[in-house]
Amino acid sequence: VVVVADAEDENQVRALIDAVLAEKEVCEIADLGGTEYYWRIGADYLAEKRGRVSVTIVNPETETIADTGLFRFVEGSATDPKLFAGKTFDLVHSNSVIEHVGDLQDMQLFADNVRRLAPRYYVQSPNYWFPYEPHFDIPTFGSKAFTARLMRGRIEGNAGMDDPAGVWKSLNWI
């Protein structure tokens, strides 16, 4: 599943990158849980800033990077307190990841890493008060269990995912 940010999100990320570039020559970004594909939304902007922006993607699932001049990939967990020990970035970016990292303790470890790794960060997370689950394109009904009972067919029969049951299980509802 790939969730691509909307224009407002893209503008917020651009503003953060531009703020870094106003202070220094290069902006190093750590994208926790991201993919190279996600960044296509800002392809024109990134092409304009080529050589001044680099993105290190951290994900537990291996990804082959096509544009190695802009992106590099590190296999790992965004919850690991030793992630990039001794290194910092200019900006940490994470789009719709924190709800997948595990339990509340794992979410805290994730948040701790975000704050440790960079002075600026953009972390997008779902609004649990809004009754919509974007991974499955379904309405929600209070609890995860009740939604699963009512929407089981749409969840299990989701042809757009390799492992809909695994994705559903990975979602954390606070």
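It should be noted that the structure appears before, not after, this text.
Report on the accompanying structure. Only a predicted model underlies this, so the values are computations on that prediction, with no experimental measurement involved. (Residues numbered from 1 in each chain as written. Predicted model: local features only at pLDDT ≥ 70, side-chain atom pairs only at ≥ 80, totals over all residues. Heavy atoms only, no water.)

## Re the sheet that holds strand β2 (residues 53-59)
Stated precisely, the cut-off is as follows: Two strands are said to pair when DSSP picks up at least two bridges between them. Counting from the N terminus, the helices are DSSP H or I runs at least four residues long and the strands are E runs at least two residues long. For every element, the axis is a line fit to its C-alpha atoms; helices are fit only across the contacting stretch, and the angle between N-to-C directions ranges from 0 to 180 degrees. Residue contacts are defined here by distance: any two heavy atoms, one from each residue, within 4.5 Å place the two residues in contact.
Strands sit in the order β3-β2-β1-β4-β5 across an open sheet of five strands; the sheet is parallel. Both edges of this open sheet fall to β3 (71-75) and β5 (120-124), since each of them pairs with a single strand only. Within this sheet the neighbouring strands show an average axis-to-axis angle of 20 degrees, counted without direction. Pairing analysis gives five bridges linking strand β4 (residues 91-95) to β5, with the strands arranged parallel. Counterpart to leucine 91 in the pairing with β5 is arginine 120. Contacting β1 (27-32), β4 and β5, helix α3 (residues 104-117) crosses the sheet at an angle of about 150 degrees to β5.

## Thoughts on the pattern of salt bridges
Side-chain pairing between opposite charges can occur once the charged atoms of the two side chains come close. We apply this condition: Only one rule defines a salt bridge in this text: a Lys or Arg side-chain nitrogen within 4 Å of an Asp or Glu carboxyl oxygen. To sort residues, take the accessible area from a 1.4 Å probe on protein chains only and compare it with the maximum for the residue type: under 20% means buried, over 50% means exposed, and anything in between is partly exposed.
In total, this model carries nine salt bridges according to the counting rule given. Glutamate 25 is the partner of arginine 52 in a salt bridge, and the nearest nitrogen-oxygen pair spans 3.5 Å. Of this pair, arginine 52 sits in the loop between α2 (43-48) and β2 while glutamate 25 sits in the loop between α1 (7-23) and β1; the two residues are 27 residues apart in sequence, bridging distant segments of the chain. The exposure class of glutamate 25 is exposed, given its relative accessible area of 56%. With its nearest N and O atoms 2.6 Å apart, the salt bridge here joins aspartate 67 to arginine 50. You can see aspartate 67 sitting in the loop between β2 and β3 and its partner arginine 50 sitting in the loop between α2 and β2, a full 17 residues away along the chain. Its relative accessible area of 22% is what places aspartate 67 among the partly exposed residues. The partly exposed category is assigned to arginine 50, whose relative accessible area is 46%. When salt bridges that share partners are traced, they join Asp18, Glu48 and Lys49 into one network.

In short, shape yes, function no, at least from these values alone.
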